[in-house]
Amino acid sequence: MKPVPHALPATPVASLPWRDRLLALRHRLIASPRFQRFAAAFPPTRGIARRNARALFDLCAGFVYAQVLAACLRLDLFRLLADGPLAPEALARRLDLPPDRALCLLRAAASLGLLTALRDGRFALGDLGAALLGNPSVAAMVAHHAMLYDDLRDPVALLRGQAEPTRLSGYWAYAGTDDPAGVGEAAVAPYGALMGASQALVARDILDAYPLACHARLLDVGGGEGAFAVEAARHAPALAVTLFDLPPVAERAARRFAQEGLSGRATALGGSFHDGLPRGADVVSLVRVVHDHDDGPALALLKAVRAALPPGGTLLLAEPMAGTPGAEPIGDAYFGFYLLAMGSGRPRTAAELSGLLAEAGFARIRERPTRRPMLVRLLAARTPT
Ligand SMILES: CC(C)=CCC/C(C)=C/CC/C(C)=C/C=C/C(C)=C/C=C/C=C(C)/C=C/C=C(C)/C=C/C=C(C)/C=C/CC(C)(C)O
Ligand SMILES: C[S@@+](CC[C@H](N)C(=O)[O-])C[C@H]1O[C@@H](n2cnc3c(N)ncnc32)[C@H](O)[C@@H]1O
């Protein structure tokens, strides 16, 4: 491994524009070990210095925290504690771990807010562990991160495009092929189940932000196994729903519609949106679809949606976005690197997506605020009348 350079940059500050000069001076000060020691002891700066040191440590250790969570979920620890606190010895037996190792996990989980260490030595759920009990799809997400860990082992190789083929490009079969329409049943089953489970996290938030009752027919493009379509049909009892996805995914959605007793109102069509989209809907949804695609195919998809809609028709574009205030690392770091590992697409800001929508011929592009913008944001746009 190459040694990490630690000398400060030698560019003379005086040669920089004044804003850059101020920034350079600030950064030289912060980078100085003498200043760091001083700031950590000086009462007015001590708090900032400690917060920065902690933030930096958390960045170094984030992968360990994530693995503590992965271990808790794999061992089903939160469900074990759902009925009340337990002593570490009892937990060690139920987790099938040596007592000292169990205690290591319990203390780690408590330090992260997943559990609470009680004064009498027992452990209870923490607020974060309790919240996870109500979001079982997060466990599936964390489990599938094993692939992302492998793909991120050498992040620079990934950035340089030297790490292919990645595990995620194999997992998301449509991302790793030039012929998505030819993707088979076995290839779509794993991601279909994962998306189906996690769609519950976002479907209600989208429908609360944009109730569909004023529309007659929804076309959910790239709708997966139909979780959003089912929720939309329940939400708006007069709405007819068509789901469009790759043929084996659409077959799985059709089975889901039948199970839900929706076969009369919801249909699933198989095909690739690169070959055009069915007409007849007055509203089209793209839920967690556009960010999967590079700019060229994403623009082509939006143009295909525009062509499929009548004048005055509505497009709903819903996905996590880059630059979301308060959730910047989720869009820019997590989804940025996730999609890099997947080998296709990128997270876009609301402004970038609005630009693509305008280029595809949409008008009246507006954001509809959602309840949890870190998970999904929503842009609504209209075809010109
Ligand atoms: C009760 C008293 C007295 C006080 C309570 C105090 C209080 C208000 C506490 C709050 C409790 C509460 C309501 C908590 C709620 C927590 C929630 C809703 C947490 C939700 C967490 C969601 C998570 C962690 C979601 C993770 C999602 C992930 C990792 C998604 C990954 C998505 C991927 C990989 C998508 C891939 C698709 C592709 C390929 C990019 O297209
Ligand atoms: C990330 S998933 C999102 C699924 C669902 N909308 C959700 O939010 O859970 C992307 C979906 O787009 C579908 N898809 C990808 N390429 C496609 C194509 N060329 N034609 C039709 N569907 C496609 C995938 O099969 C998958 O179901």
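Residues numbered from 1 in each chain as written. Chains lettered and ligands numbered in written order. Predicted model: local features only at pLDDT ≥ 70, side-chain atom pairs only at ≥ 80, totals over all residues. Heavy atoms only, no water.

Note that side chains of opposite charge can pair when their charged atoms are close. For the structure shown, the criterion picks out 19 salt bridges. The partner of R54 in a salt bridge is D58, with the nearest N and O atoms 3.1 Å apart. Here R54 pairs with D58, and both are found in helix α3 (residues 43–74), just 4 residues apart, close to one helical turn. You can call R54 exposed: its relative accessible area is 53%. R372 is the partner of D205 in a salt bridge, and the nearest nitrogen-oxygen pair spans 2.9 Å. Here D205 is found in helix α11 (residues 185–209), whereas its partner R372 is found in the loop between β8 (363–368) and β9 (377–382), with 167 residues between them in sequence. Overall, the relative accessible area of 34% leaves R372 in the partly exposed class. Ionic contacts of the salt-bridge type, sharing partners, join the residues R204, D205, D208, E231, R234, R256, E260, R371 and R372 into one network. (Salt bridge = Lys/Arg side-chain N within 4 Å of Asp/Glu carboxyl O. Helix = DSSP H or I, 4+ residues; strand = E, 2+ residues; numbered from the N terminus. Buried < 20%, exposed > 50% of the residue type's maximum accessible area, 1.4 Å probe, protein only.)

Our next topic: the packing of helix α5 (residues 88–95) against helix α6 (residues 99–111). A pair of packed helices can be characterised by two numbers: the angle between their axes and the separation between those axes. Look at α5 against α6: their axes get within 9 Å of each other, and the N-to-C directions meet at 105°. Relative to α6, the element α5 lies roughly perpendicular. Every residue of α6 that contacts α5 at P88, L91 and A92 is listed here: P99, A102, L103 and L106. Residues that form the contact of α5 with α6 fall into these classes: 7 nonpolar, no polar and no charged. (Axes fitted to C-alpha atoms, helices over the stretch in contact; angles between N-to-C directions. Parallel < 35°, antiparallel > 145°, perpendicular 65-115°, else oblique. Contact = heavy atoms within 4.5 Å. Nonpolar A, V, L, I, M, F, W, Y, C, P; charged D, E, K, R; others polar.)

Quick look at the UniProt feature "domain: O-methyltransferase C-terminal" (unreviewed entry) in the protein now. Mapped onto this numbering, the UniProt entry annotates "domain: O-methyltransferase C-terminal" (unreviewed entry) at residues 185–363. The annotated region residues 185–363 carries 48% helix and 16% strand content, and the separation between its end C-alpha atoms amounts to 38 Å. (UniProt positions renumbered as here; feature names shortened; annotations may be inferred.)

A few words on the pairing of β9. With 5 of 6 residues buried, β9 is to be regarded as a mostly interior element. Alignment of strand β7 (residues 314–319) against β9, held across 6 bridges, turns out to be antiparallel. Paired with L316 across the bridge in β9 is A380. Relative to β9, β8 is paired through 4 bridges, and the arrangement is antiparallel. The partner of R368 across the bridge, within β9, is L378. (Pairing = 2+ DSSP bridges.)

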